[in-house]
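A closer look at the structure
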Amino acid sequence: MKTNKVIFDGFDALEIITPLAKMVLVYGCGPRIAYFGTEEANFFYWDKDAVKNKDWRLRGGHRVWLTRP
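Residues numbered from 1 in each chain as written. Predicted model: local features only at pLDDT ≥ 70, side-chain atom pairs only at ≥ 80, totals over all residues. Heavy atoms only, no water.

1. So, the overall build of the chain
Condition: Secondary structure elements are taken from DSSP: a helix is a run of H or I of four residues or more, a strand is a run of E of two residues or more, and numbering for both begins at the N terminus. Type-normalised accessible area, obtained with a 1.4 Å probe on protein chains alone, sets the label of each residue: buried when under 20%, exposed when over 50%, and partly exposed for intermediate values. Contacts between residues were defined by any pair of non-hydrogen atoms, one from each residue, lying within 4.5 Å.
Of regular secondary structure, the chain possesses zero helices and seven strands. Order of helices (α) and strands (β) in the chain, N terminus to C terminus: β-β-β-β-β-β-β. By residue count, 26% of the 69 residues in the chain fall in the buried class. Taking as baseline every contact in the chain between residues at least 6 positions apart, the subset at least 24 positions apart corresponds to 18%.

Okay, structure coming up:
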């Protein structure tokens, strides 16, 4: 397993790479799993430009929480 601090679509993030999968954990707007999949394909929806509705933004990925806030 290899980990790197990276910038992912303009957000601070941690990239975790294994022989089978890649995961990017964004903490610049989250925490949120922004990318999970192979090097070629992300299994999560991610849109860096975000769908906006007033103050709410849908970027995609998966929010990291154990219970609802």
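2. Some words on the nonpolar core
For clarity, the threshold we go by: For our purposes a nonpolar core is just a set of buried Ala, Val, Leu, Ile, Met, Phe, Trp, Tyr and Cys residues, chained together by side-chain atoms within 4.5 Å.
If you look at the biggest cluster of nonpolar residues, it comprises nine residues: Phe8, Phe11, Ala13, Val24, Val26, Cys29, Ala34, Tyr35 and Trp46. If you list the elements that add at least two residues to this core, you get strand E2 (11-17), strand E3 (22-26) and strand E4 (32-37). Those residues in contact with Cys29, other than ones at most four positions away along the chain, are Phe11, Trp46 and Arg59.

3. Considerations on the packing of aromatic side chains
Formally: In this scheme Phe, Tyr and Trp rings, the latter by its six-membered ring, pair at centre separations within 6.5 Å, and the angle between planes marks the pair as stacked below 30 degrees, edge-to-face above 60, and tilted otherwise. Only lysine NZ and arginine CZ atoms are considered, and such an atom sits over a ring when it is within 6 Å of the ring centre and within 35 degrees of the ring normal.
Scanning all chains against the criterion turns up three aromatic pairs. With 6.4 Å between their ring centres and 55 degrees between their planes, Phe36 and Phe43 make a pair best called tilted. Classification of Phe36 as partly exposed rests on a relative accessible area of 35%. Using a relative accessible area of 58% as the deciding quantity, one classes Phe43 as exposed. Centre to centre, the rings of Phe36 and Phe44 are 6.4 Å apart; their planes meet at 40 degrees, and the pair counts as tilted. We classify Phe44 as partly exposed; its relative accessible area is 28%. Connected via pairs of aromatic rings, a cluster forms that spans Phe36, Phe43 and Phe44. Geometry around Tyr35 places Lys22 over its ring, the cationic atom sitting 4.8 Å from the centre.

4. Topic: the environment of Ala13
Inspection of the secondary structure puts Ala13 in strand E2. Ignoring anything within four residues of it in the chain, the contact list for Ala13 reads Asn4, Lys5, Val6, Phe8, Val24, Leu25, Val26 and Tyr27.

5. Describing the side chain of Lys22
Condition: Here a polar contact means two N or O atoms within 3.5 Å. Within protein one must be a hydrogen donor candidate and the other an acceptor candidate, and residues neighboring in sequence count only if both atoms are side-chain atoms.
Tracing the backbone through its elements, the reader meets Lys22 in strand E3. There is a polar contact of 3.5 Å between the side chain of Lys22 and the side chain of Glu15. Not counting residues within four places of it along the chain, the set of residues in contact with Lys22 comprises Glu15, Ile16, Ile17, Tyr35, Phe36, Gly37 and Glu39.

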